[in-house]
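Observations on the three-dimensional arrangement
One letter stands for each residue in the lines below.
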Amino acid sequence: MARRIPPLNPLRVFEVVARTSNLTVAAQELHVTQSAVSRQIAVIEEYLGVELFRRERQGVTLTRVGKSYAEQIVPAFEAIANATERLHKSTARSALRVRTYTTFAAKWLIPRLPDFKQAHPNIDLQITTAVPDVDFDRDLVDVAIQLGDGRWQRLQADKLFPDIFEPVCSPRYLSEHTKSIRKPEPLLRKQLLVSHYRRRDWDDWLKATRLVDAAEGAERMEFSSSVLTWQAAIDGLGMAIGQTAMLEHEFQTGQLVRPFEMPVQSSRAYWLLRPQAQRESTKVAAFRDWLLAACAAAPIEDPDDLIAVP
């Protein structure tokens, strides 16, 4: 059997009038006119079929039935107000919870976080990593940074930067396995280093650059993450596929080089995701604005130099 609940707006007006015992004060608290308060009281009385207030020259007073009803309704609204206040306080005081991939956190986000902390010293961050797509109803996070095609249902999404990748290796490995750095194709017959979660990158790059035949028969060594794959390339175990946005430091320091200089862009990109129905807090807005500015300031590939994944 369905529960009978009166119309909530008139019920709220009844609660305020019962608590203040004054139509004028109630109207001020509710930000409406006194006549609007009177109309709402009439609605709740008609719904309940009883008189809740006695209209007198000095104002209104609760009837016996109205007083009994108010003794239960007023505490209920107070409980709702207290619960809402606790929710707002816990959200405002807690750390901003950011979820992303281990590789993105280690190679892109964390190196830039000192800038965020300098700009927002009062915002604490909690960084967690996971591979599956975020579910804001299940996962206790405020925002997520994920790789995808942009078709996110019931989420707010800001595009950060495209997914661009190409082969990388150490300078020593390049010199040891090629006679001419202008013709690096022999590297494709050596050991290719593969990241478990991006195992398609090599095939996509070879297909996009029409070098599938050049890599035929090459051995492949797989690692559980891109971070480990790139470290293996730095240590001379072979050539890896590198996401160029993640390897800015390695390129600058000369730990890794791009022997082919043929970057390929996939149909995916990195996105900042937030629940669509969630009211954006100050800390989420600050992190979003900082992240978008950091992405805009980061080095980007010349679009004319990019090859699209077929």
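Now for a quick tour of the structure.

On to the overall build of the protein. Counting its regular elements, the protein contains 10 helices and 11 strands. Taking 2.2 N^0.38 as the reference for a compact globule, 310 residues should give roughly 19 Å; the C-alpha atoms of the protein span a radius of gyration of 31 Å, well beyond that estimate. Each principal axis of the C-alpha distribution contributes one length, and for the protein these read about 105 × 45 × 30 Å. Looking at the protein residue by residue over its 310 residues, the buried ones come to 42%. Counting only contacts in the protein whose residues sit at least 6 apart along the sequence, the fraction spanning at least 24 positions is 74%. Both charge centroids of the protein, one from 40 positive and one from 39 negative side chains, sit 5 Å from each other.

Turning our attention to helix α8 (residues 226-234). Of all the positions in α8, only S226, T229, W230, A232 and A233 are classed as buried. For α8, the angular spread of the buried residues around the axis is 155°, confining them to a single face. Against the buried residues of α8 lie α5 (102-119), β6 (155-168), β7 (192-195), β8 (220-223) and β9 (239-243). G236, located one to two residues past α8, shows a positive phi value of around 85°.

Attention now goes to the pairing of strand β3 (residues 96-100). Of all five residues in β3, four are buried, a share of seventy percent or more. In terms of strand pairing, β3 meets strand β4 (residues 125-129) through five bridges, oriented parallel. Each bridged residue has a counterpart across the sheet, and for T100 the counterpart in β4 is T129. This β-α-β element, β3 to α5 to β4, shows right-handed connectivity.

Right, let's talk about helix α10 (residues 282-297) for a bit. In an α-helix, one full turn covers 3.6 residues, which means residues spaced three or four apart are oriented alike. The end-to-end C-alpha distance of α10, which contains 16 residues, comes to 23 Å, matching closely the 22 Å that a straight helix rising 1.5 Å per residue would cover. Turning to α10, its buried residues are K283, V284, A286, F287, W290, L291, A294 and C295. What you see down the axis of α10 is that its buried residues fit within an arc of 160°, all on one side. For α10, the exposed residues set more than 90 degrees away from the buried face come down to T282 and A296.

Each value, and the rule that gives it
Residues numbered from 1 in each chain as written. Predicted model: local features only at pLDDT ≥ 70, side-chain atom pairs only at ≥ 80, totals over all residues. Heavy atoms only, no water. Helix = DSSP H or I, 4+ residues; strand = E, 2+ residues; numbered from the N terminus. Rg over C-alpha atoms; globule rule 2.2 N^0.38 Å. Buried < 20%, exposed > 50% of the residue type's maximum accessible area, 1.4 Å probe, protein only. Contact = heavy atoms within 4.5 Å. Lys, Arg positive; Asp, Glu negative; His and termini not counted. Charge placed at Lys NZ, Arg CZ, Asp CG, Glu CD. Arc of directions from axis to C-beta. Pairing = 2+ DSSP bridges. Right-handed = clockwise from strand over helix to strand, strands pointing away. Expected span 1.5 Å × (residues − 1).

Nothing here speaks to function; it is geometry throughout.
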